[in-house]
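Commentary on secondary and tertiary structure
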Amino acid sequence: MPSPWSRRAFLLTTGGSALALTASGQPTDAAAVEADAYEALRATWRTLILGEGFSPTVEPFKSRLAELGASARELRGTMAPTAGSLWPDASYADPDPDTDQESYGYSANVVTGYSRLNTMAQAYRQQGTGLTGDTGLRADILKGLDHLYAEVYNENQARFGNWYSWQIGAPQALLDVCVLMYDELSATQVADYCKAVDHFVPDAAVGSYTGTSTGANRVDLCRVLALRGVVGASSAKIALARDALSPVFPYVTTGDGLYTDGSFIQHTTVPYTGSYGSVLLGGLGMLFSLLRGSSWEVTDPKKQIVFDAVEKAWAPFLYNGLVMDGVAGRAISRGLSASDAKKIQADDHRRGHPVMAAVVLLGQGASAAENARWRALVKGWIRRDYYSPPLSDASLGLTSLARLQGVENDPSVTAAPEPIGHRLFPNMARATHRRPGWAASISMADPRITYYETGNGENLRGWHTGSGMLYWWGDNYANGQYSDAFWPTVDPYRLPGITASRKTLADAAGGDWGASLPGVKWVGGASDGQRAAIGQYLKGLQSTLRAKKSWFCLDDAIVCLGAGIACTDGSAVETTVENRNLGPTGTASFQVDGAAKPTGSPWSATLTGAKWAHIGGHGGYVFPGGATVKALREERTGKWSDINKGGASTAIARKYLTMYVDHGTAPTNGTYAYLLMPGASAAQTAARATATGWLQILANSDDQQGVLVPSLGFTGVNFWFGGTVGKLTASAPCSVKISEKSDGTAVICVSDPMRAQTSLTLTWNRAVSTVTAKPATVTSAVTGASLKLTFGDLSGTKGATQRITVRLG
């Protein structure tokens, strides 16, 4: 009877060492068990990259599989191995190999080659592609692998261009192909490809948790090492990959990783929950699934931190299927790529869908309760994403599509509604505010968090995205606000919510990889989880601009205040109240104080003494006491290549309706005040404007900003310096939010956004009978006709809110 063991399996199972055999020449039981373990891992990985639980004859999978087959057939037809390239349009023959932008392109083409072979291998292995098991396709895949090994990705090649191409992009695609084509590869081929991977991704790549080996990058490197072990039958490599994941799990206090407040940072200074964070979540889900039940299972108890982060870090930034752009870094500029033959535009929705699929996969290894909650969340996101339905997302891989379809079709899962509440992320200068019918997000910058990230020729004009940009979406409207070619067509000096100088900035101003950080510390706020007081001391990028900006996040509105606006650049300074993307036609109605304005463009006007404004289908804006606001309708044309060197050069036009406060040239103490009311009707907006007692602006100066809303029992004050505002007196800079409740209690929230106060005294001129709950930071509480709170050292609280509950007298 012939042996079921191939020579290759013998060699790889023993890693080249002597193999114990029985008298009949068969492997010992131990060797057979080890070989079976590697085969089981390969089978698991094939399932992870090919998907399961779907029928190839049922839509949408039938069409997607046919499309995969068509893509593979086209790639096979154009593949032309020659010196310097595998495909004519993807040369890796760099005439001057170094690390400049040109070399980045050549190194990227190494990844392109392997990625195309991966597409062909999936078409070969998947059912229903029209090429399943095609012998000619198999031969071409093997020919391509040998060509790339001989020419460019081998143990003798020095890397050039982008490190990522050699250590993550190329080896991940190569090893996926090796798993898919494993039974077709010779022992020599496997050994050669493993030598190449070992050369570019040595064990030292995860030797220390620094540089390019942190966060999502570390997870990617561990995936390479784990698959290298699976393909090359190396227990040591798999164990190394598993153990090297452990530094990813614990909470961090600086640099890359997850923070206790739900922040996620990559590249040291960039909030990246929606891009690198997506890679991290998806990569961990795959590795946990690969190793689950094996002798290499991930058992580090700190992996629970990742499970906790699903609801603590990722869910707050997912809304109706999209992931908020404020945590996507330079990915916001990756819309339509010049090299994408399918012309599928990336956007916030298409970044959100893989996160949802990753949550489903990760749930398979979580507790039953966690898995049930996550599937309910995902089902809600699927059903509410009317703008870009996930199950019709042409950019979503088959495996992710199958996972989401499985949740949608599961009758035991009830879709969860969007949560209501406020989340403040002081460690990444971000906030989300979610109310019935709408959600908003605020992006700021401080000495730890960059204005914006550019790099690799991407996000060239994201300069002011950290200058207080205020994003918002409705539950069943405006979900494409930032998806519909917003980034290449919007005026980058007039992003909604920001205060900015019109001083002309060069593309990539400030430097790559988040190099520029503002030298101002007061950024953050205080929140009770439902409402919030948030503030940003703004210093302009490459500008003398200074401003104090505050947002008070309430039930149906966000109160926006600005003061101390000064600049000596010789350029105009503006605060953009709104810059709404109205799409290609742009005919939404616009009225000011009840008077309809023209719907055609171009149009502009100065609105003197305006009390309120309303944009049909979007929401309302109230200007307490009246304001002079400039408004315009315009059609703006741009190209993705304007903001991303790899973007398509096709011109795109969108209509915008903009409102802004012109602070003039060289302002010395500019101010603004307005309410944003998402989803409000014109009548509701007008009613709020006439209800002059609803909002009391207690202060709007360079020293303090604060508001009182009596009907909500809400007081919010940002003390840029100590002083008295209304009934509150603070001895030092801080943020305070108070909610008086109908049951006779009040919740006082205090934070030190500067992270510098070693002592703070807060006095509230309000009768208080008792303090029922307080944090350890409160060293003294005196009640009576007024409340006096003494705080100890707040410098180590990382800007977190200190919450005190009192009973009113």
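This text goes with the structure placed above it.
Let us look at the structure shown here. (Residues numbered from 1 in each chain as written. Predicted model: local features only at pLDDT ≥ 70, side-chain atom pairs only at ≥ 80, totals over all residues. Heavy atoms only, no water.)

**Focus on the overall build of the protein chain**
Rules: The helix and strand labels rest on DSSP assignments: H or I over at least four residues marks a helix, E over at least two residues marks a strand, and numbering proceeds from the N terminus. By the convention used here, residues are in contact when the closest approach between their heavy atoms is within 4.5 Å. We count Lys and Arg on the positive side and Asp and Glu on the negative side, and we leave His and both chain ends out. To locate a charge, the coordinates of NZ of Lys, CZ of Arg, CG of Asp or CD of Glu are taken.
Each helix and strand in the protein chain was counted, giving 17 helices and 33 strands. Seen through its principal axes, the protein chain has C-alpha atoms that stretch 95 × 60 × 55 Å. When contacts within the protein chain are restricted to residue pairs at least 6 apart in sequence, long-range pairs at least 24 apart make up 68% of them. Across the protein chain, the mean location of the 71 positive side-chain charges is 6 Å away from that of the 68 negative side-chain charges.

**Considerations on the packing of aromatic side chains**
What counts, and what does not: For Phe, Tyr and Trp, where Trp contributes only its six-membered ring, two rings pair if their centres lie within 6.5 Å, and the inter-plane angle classes them as stacked under 30 degrees, edge-to-face over 60, or tilted in between. Remark: exposure states derive from per-residue accessible area (1.4 Å probe, protein chains only) relative to the maximum for the residue type, with buried under 20%, exposed over 50%, and partly exposed in between.
In this structure the tally under the stated criterion is 26 aromatic pairs. A ring pair is formed by Phe486 and Trp487, whose centres lie 4.9 Å apart and whose planes are at 90 degrees; its orientation type is edge-to-face. You can call Phe486 buried: its relative accessible area is 0%. When its relative accessible area of 9% is taken as the criterion, Trp487 is described as buried. Seen in terms of ring centroids, Phe590 and Trp603 are 6.2 Å apart; in terms of plane orientation they differ by 70 degrees. Their pairing is edge-to-face. Of this pair, Phe590 sits in strand S16 (residues 590–592) while Trp603 is found in strand S18 (residues 603–615), placing the two residues 13 residues apart along the sequence. On the basis of relative accessibility, which here comes to 1%, the residue Phe590 falls in the buried class.

**Regarding the sheet that holds strand S3 (residues 270–271)**
Keep this limit in mind: Whether two strands pair depends on DSSP finding at least two bridges between them.
In spatial order, the strands read S1-S2-S3; together these 3 strands make up an open sheet with antiparallel pairing. Sheet topology places strand S1 (257–258) and S3 at the edges, where each strand pairs with a single neighbour. Relative to strand S2 (residues 264–266), S1 runs antiparallel, the two being bridged by 2 bridges. When the sheet's bridge partners are listed, Gly257 is paired in S2 with Ile265.

**Describing the packing of helix H4 (residues 101–125) against helix H6 (residues 163–180)**
Which entries qualify depends on this criterion: Only C-alpha atoms enter the line fits that serve as axes; for helices the fit covers just the stretch in contact. Angles between N-to-C directions range over 0 to 180 degrees. Any angle that falls under 35 degrees is termed roughly parallel, while one over 145 is termed roughly antiparallel, one within 65 to 115 roughly perpendicular, and all others oblique. Should the near helix be turned anticlockwise from the far one by less than a right angle, the crossing is left-handed, and should it be turned clockwise, the crossing is right-handed. Note on residue classes: Ala, Val, Leu, Ile, Met, Phe, Trp, Tyr, Cys and Pro are nonpolar, Asp, Glu, Lys and Arg are charged, and everything else, Gly too, is polar.
Between H4 and H6, whose axes approach to 9 Å, the crossing angle comes to 20 degrees. As judged from the angle between their axes, H4 and H6 are roughly parallel. Remark: the crossing between H4 and H6 carries left-handed chirality. Where H4 approaches H6, its residues Ser107, Ala108, Val110, Val111, Tyr114, Ser115, Leu117, Asn118, Ala121, Gln122 and Arg125 are matched on the opposing element by Ser165, Trp166, Gly169, Ala170, Ala173, Leu174, Asp176, Val177 and Leu180. Considering only residue class, the contact of H4 with H6 consists of 12 nonpolar, 6 polar and 2 charged.

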